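# Fold and contact review
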Amino acid sequence: MDLLIVGSGFFGLTIAERAANAGRKVTVIDRRHHIGGNAYSEAEPETGIEVHRYGAHLFHTSNPTVWEYVNRFTTFTNYVHRVYTTHKGTVFPMPVNLGTINQFFQSAYTPDQARALVREQAGEFDVKSAANFEEKGIALVGRPLFEAFFRDYTAKQWQTDPQKLSGDIISRLPVRYTYDNRYFNDTWEGLPTDGYTAWLERMADHPNIEVKLNVDYFDESQPLSRKATVGQLPVVYTGPVDRYFDYTEGALSWRTLDFEQEVLNIGDFQGTSVMNYPDMDVPYTRIHEFKHFHPERKDVYESDKTVIMREFSRFANREDEPYYPVNTPTDREGLLAYRELAKGEKDVHFGGRLGTYQYLDMHMAIGSALSLWNNTLS
Ligand code: FAD
Ligand code: UDP
């Protein structure tokens, strides 16, 4: 074995695939019973509808290198993500666009009029100098829209003072002064035609790659543990960075999600793939209805059944799946300390969302894995 990879998510599999193609023998271990990390999906047994087991995953990128790379393993449908949000009993398009603004203010503003209104309602805050989530949010959409669509959704999602959250979180969403209500701005988007798991399996399908599931890197009774491998061969580690160092610099905070899945005996529950719930009186943040991700499969999926999933957010304990890095100022200090420790680990490369404590989308995880391979490991 030339290389050990801990974690079979997109980061680990990209390194594995590149290394295997370059003639290296690679072993990938994962503590879960399946490959693919959080992008894993499977058919719901009663309906056959593809369900994204760890929350809905939409692929999008503007990076030509990543787009070319991912197309080696899968084709993509022409799905374009659009989200709606139910506020006080009325449905609005999200992200905020001219349609949202005009519906909310029951008006017919032109783009310039809407811009002027938002600027006035943003008050003292400016996008460039905004120091945190709240200031950035108000600067971007003005206080009334921020309070309707972002303040309480974010309180449910993060349970953290919005003045302690990074403004980068809200910058994930575009704000548009046109009626374009696409959720993403990227050049390319779509869903893998035959599902995420088929894509992930193709990445791992190489004679130089061995995948071992249900193996925990920190279980010293198994031969590929941290104790047995560090210093013996190069290791790519994509698990949580604080866990690797036994939490010596404190636990970094994460949000986790609880999913409540239901099979309903109706053809269509909400008419769209994702409906957000930004009000406090609804305990969940959003409902996914999976059949709408693949309208092209309508003849394959049963027409009188549907699968929905409600998403609830809370702080992660150590035994929970870590999903979103909270990234408060205290976390950032802890992360810097872990980065220093990581420099001292002989031939261990920390990568991916958990290994770098970053809110990485799939294309970013793949892109950074390609860079690690090209610039360092190869
Ligand atoms: P992961 O997929 O988390 O893989 C890490 C792997 O390491 C896991 O399989 C884990 O079991 C394994 N591991 C951890 N510790 C150990 C250990 N001790 N021993 C062995 N194995 C271990 N991205 C998008 O582009 N679009 C989206 O719509 C989108 N939606 C998302 C929704 C949710 C709820 C979440 C949480 C993420 C979403 N993402 C989305 C991000 C996407 O999941 C990540 O970019 C991608 O999964 C990153 O891959 P990774 O390899 O870094 O990490
Ligand atoms: N957000 C919000 N209201 C919405 C959608 C998003 O307040 O209707 C905020 C929330 O803080 C969320 C962030 O914007 O965490 C980023 O949204 P995105 O949809 O990208 O989150 P993800 O899909 O990663 O959960």
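Below or above, wherever it landed, is the structure these notes cover. (Residues numbered from 1 in each chain as written. Chains lettered and ligands numbered in written order. Predicted model: local features only at pLDDT ≥ 70, side-chain atom pairs only at ≥ 80, totals over all residues.)

### Description of the overall build of the protein
Heads up, the rule is: What counts as a helix is a DSSP run of H or I of at least four residues, what counts as a strand is a run of E of at least two, and both are numbered from the N terminus. We compute the radius of gyration from the C-alpha atoms alone; for a globule the expected value is 2.2 Å times N to the 0.38, where N is the number of residues. Exposed residues have 12 or fewer other C-beta atoms within 10 Å of their own C-beta, buried residues have 20 or more, and partly exposed residues fall in between, where C-beta atoms are placed from the backbone.
A tally of regular secondary structure across the protein gives 13 helices and 16 strands. Whereas a compact globule of 378 residues would reach a radius of gyration of roughly 21 Å, the protein reaches 22 Å, a difference of no more than 12%. Overall size of the protein, expressed as C-alpha extent along the three principal axes, is 65 × 50 × 35 Å. Scored against the burial criterion, the 378 residues of the protein give a buried share of 39%.

### Some words on the site of ligand 2
Our working rule: By convention here, the C-beta atom is placed from the backbone, and a residue is near a molecule or strand when that atom is within 6 Å of it.
Around ligand 2 lies a shell of 13 residues, among which F150, Y153, T154, R172 and N276 are the nearest. Within the residue set of the shell around ligand 2, elements represented by two or more residues are α6 (143–158) and α7 (168–171). When residues of the shell around ligand 2 are assigned to their parent elements, the largest contribution, five residues, is made by α6.

### A few points about the sheet that holds strand β9 (residues 209–212)
Put simply, the rule reads: Pairs of strands are assigned from DSSP output, requiring at least two bridges between the strands. To get an axis, a line is fitted to the C-alpha atoms, and for a helix only the part in contact is used. The angle between two axes follows their N-to-C directions and goes from 0 to 180 degrees.
Read from one edge of the open sheet, five strands run β9-β2-β1-β10-β16, paired in parallel fashion. The two strands at the open ends of the sheet, each matched to only one other strand, are β9 and β16 (348–350). Along the sheet, successive strands turn relative to each other by an average axial angle of 20°, direction set aside. Sheet topology note: the strand β10 (residues 235–237)/β16 ladder contains three bridges and is parallel. Bridge pairing links V236 to H349 in β16.

### As for the site of ligand 1
Counted only if it meets this: Residue classes follow a fixed rule: Ala, Val, Leu, Ile, Met, Phe, Trp, Tyr, Cys and Pro count as nonpolar, while Asp, Glu, Lys and Arg count as charged, and any other residue, Gly among them, counts as polar.
The environment of ligand 1 is formed by 35 residues, the closest being G7, G9, G37, G239 and G352. Of all elements in the fold, only α1 (10–21), α12 (352–356) and α13 (362–377) reach the threshold of two or more residues within the shell around ligand 1. Here the residues of the shell around ligand 1 sort into 17 nonpolar, 12 polar and six charged.

### Structural notes on unusual backbone geometry
With omega at 10°, the peptide bond leading from M94 into P95 counts as cis. As for its position among the elements, P95 is in the loop between β7 (90–94) and α3 (98–104). Here the phi dihedral of Q106 falls at roughly 45°; this positive angle occurs in a residue that is not glycine. One can find Q106 in the loop between α3 and α4 (111–121). In the Ramachandran plot, N214 falls in the positive-phi region, its phi being about 60° despite a non-glycine side chain. Assignment of secondary structure puts N214 in the loop between β9 and α9 (226–229).

### Structural notes on the nonpolar core
The condition that has to hold: Throughout this description, the term nonpolar core refers to a group of buried Ala, Val, Leu, Ile, Met, Phe, Trp, Tyr and Cys residues whose C-beta atoms join them within 7 Å. Throughout, the edges of the domains are those of an automatic or database domain assignment. By the convention adopted here, residues are in contact when the distance between their C-beta atoms, placed from the backbone, does not exceed 7 Å.
The biggest cluster of nonpolar side chains holds 80 residues, and the ones touching the most others in it are I5, I15, A16 and A204. Counting residues domain by domain, this core receives three or more from each of domain 1 (3–39 + 193–247 + 325–377) and domain 2 (83–181). Excluding its chain neighbours within four sequence positions, the residues that come into contact with A16 are I5, V26, V28, A204 and I209.

### Some points on the environment of E201
Within the fold, E201 resides in helix α8 (residues 196–204). Placed 166 residues apart in sequence, E201 and I35 show a C-alpha to C-alpha distance of 7.6 Å.

### A closer look at the sheet that holds strand β15 (residues 324–325)
With mixed pairing, the seven strands of this open sheet are ordered in space as β7-β6-β12-β13-β14-β11-β15. The open sheet has two edge strands with one neighbour each: β7 and β15. Looking at chain direction, strand β11 (residues 254–264) and strand β14 (residues 306–315) are connected through 10 bridges and run antiparallel. Paired with R255 across the bridge in β14 is F315.

### Quick look at α13
Taken residue by residue, α13 has M362, H363, A365, I366, G367, S368, A369, L372 and W373 as its buried positions. Residues of α13 that are buried make contact with α1, β5 (59–61), α2 (64–70), β16 and α12.

### Some words on the packing of helix α5 (residues 133–141) against α6
Geometry of a packed helix pair, given as the angle between the helix axes and the separation of the axes. Selection rule: A crossing counts as left-handed when the near helix is turned anticlockwise from the far one by less than a right angle, and as right-handed when that turn is clockwise.
Where α5 meets α6, the closest approach of the two axes is 8 Å, and the angle between their N-to-C directions is 140°. As α5 packs across α6, the resulting crossing turns out to be right-handed. Taking contact as the criterion, the partners of F133, G137, I138 and V141 in α5 are, on α6, R143, L145, F146, F150 and T154. A class-by-class count of the residues in the contact of α5 with α6 yields six nonpolar, two polar and one charged.

### Some words on the packing of α1 against α13
Rule in force here: When describing relative orientation, an angle under 35 degrees is termed roughly parallel and one over 145 degrees roughly antiparallel, while 65 to 115 degrees is termed roughly perpendicular and anything else oblique.
α13 packs onto α1 with a crossing angle of 40° between their chain directions and a minimal axis gap of 8 Å. Put simply, α1 runs oblique to α13. Taken as a pair, α1 and α13 cross one another with a handedness that is right-handed. Only M362, A365, I366, A369, L370, L372, W373 and L377 of α13 make contact with α1, whose side of the interface consists of F10, F11, T14, I15, R18 and A19.

### Topic: the pairing of β14
Judged from the four bridges that link them, strand β13 (residues 286–289) and β14 form a sheet pairing that is antiparallel. Its bridge partner lying in β14, E289 is registered against I308.

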